[in-house]
Amino acid sequence: MEENTDQDIWIFGYGSLVWKADFPFVEKRTGFIKGFLRRFFQNSTDHRGTSDKPGRVVTLIHSENPEAKVCGMGYRIAAKDKQHVLKHLDHREKNGYERYQVEFYPYPLDQNQLNEPQSILLYVATHENPSFAGQQDTLETIAQQILGSSGQSGRNPEYVYRLADAMRQLYPGERDDHLFDLERLLLERDPMMLESEKLKEIEVNRSELSKEG
């Protein structure tokens, strides 16, 4: 995809980029894209697993509902940094992801900023890539794989917990059943979490957010 080098671009993060951007940016905004679903259908053989014991991370799949939303973070990249950032992200997402251009809907609305939908780039794992794990596995199967996996970025379960926490904090009342149900399965089985206060905190947060939603 050719980019105009004289203009800023926006990058959409829906996984770890929601809470951590390892590239320079001049602005970030919460928002969402339409027509997709976030799913743990991509194996990770580097960041959250190994080639012998892959972990699972999120990718996007097309939804039959054109109004389906995936919430995440939009980052505006300055024109002067664009080529460097895209090269970095192409390498970061080398494990089967391709770039796509969609519409980004900023949320919540801000009277001091542009609130119209705008073009944004995102990375989606193709079904043909060798690390695509398919859409047939149950959440139970995915949870078991995640529990036993760890990579250069840390334990695979922590990836799920941090993403779920970010979604609750940034988008109170928004539903993401695939993510939250997977988080619940992990919390019930993760030996590092069973003796902590995490389960209790999650229940309190969900209770409060259900009132707001």
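Above this text is the structure in question.
Asker: Explain helix α1 (residues 82-92) to me, using residue names and the numbers behind them.
Answerer: Buried within α1 we find K82, V85, L86, L89 and R92. For α1, the arc enclosing every buried residue in end-on projection is 125°, short of the 170-degree limit, so these residues lie on one face. For α1, the exposed residues lying more than 90 degrees away from the buried face are H84, K87 and H91. Close packing links the buried residues of α1 with β1 (9-13), β5 (69-77), β6 (97-106) and β7 (118-125).

Asker: Outline the packing of aromatic side chains, listing residues and values.
Answerer: A full pass over the atoms with the stated rule returns 10 aromatic pairs. Cluster of aromatic residues (ring-pair linked, three or more members): W10, F12, Y14 and F104. Over the aromatic face of Y105 sits the side chain of K34, whose NZ or CZ is 4.6 Å from the ring centroid.

Asker: Tell me about the pairing of strand β4 (residues 55-62), and please be specific about residues and values.
Answerer: With respect to burial, β4 is a largely interior element, seven of its eight residues being buried. The sheet contact formed by strand β3 (residues 36-44) and β4 spans seven bridges and is antiparallel. When the bridges of β4 are listed, F36 appears paired with H62.

Asker: Help me get a handle on the pattern of salt bridges, residues and values and all.
Answerer: It is possible for side chains bearing opposite charge to pair when their charged atoms get close. Applying the stated criterion to the full structure yields 15 salt bridges. We note a salt bridge from R56 to D137, for which the minimum N-O separation is 2.4 Å. Residue R56 is found in strand β4, and its partner D137 is found in the loop between β7 and α2 (139-147); the two are separated by 81 residues along the sequence. Several salt bridges share partner residues, and in doing so they unite D8, E27 and R76 into one network.

Asker: How would you sum up unusual backbone geometry? Please name residues and give values.
Answerer: Across the junction of Y107 and P108, the peptide omega takes the value 0°, indicating a cis bond. With respect to the element layout, P108 can be found in the loop between β6 and β7.

Conventions we followed
- Residues numbered from 1 in each chain as written.
- Predicted model: local features only at pLDDT ≥ 70, side-chain atom pairs only at ≥ 80, totals over all residues.
- Heavy atoms only, no water.
- Buried < 20%, exposed > 50% of the residue type's maximum accessible area, 1.4 Å probe, protein only.
- Helix = DSSP H or I, 4+ residues; strand = E, 2+ residues; numbered from the N terminus.
- Arc of directions from axis to C-beta.
- Contact = heavy atoms within 4.5 Å.
- Phe/Tyr/Trp six-rings, centres within 6.5 Å; stacked < 30°, edge-to-face > 60°.
- Lys NZ or Arg CZ within 6 Å of the ring centre and 35° of its normal.
- Pairing = 2+ DSSP bridges.
- Salt bridge = Lys/Arg side-chain N within 4 Å of Asp/Glu carboxyl O.

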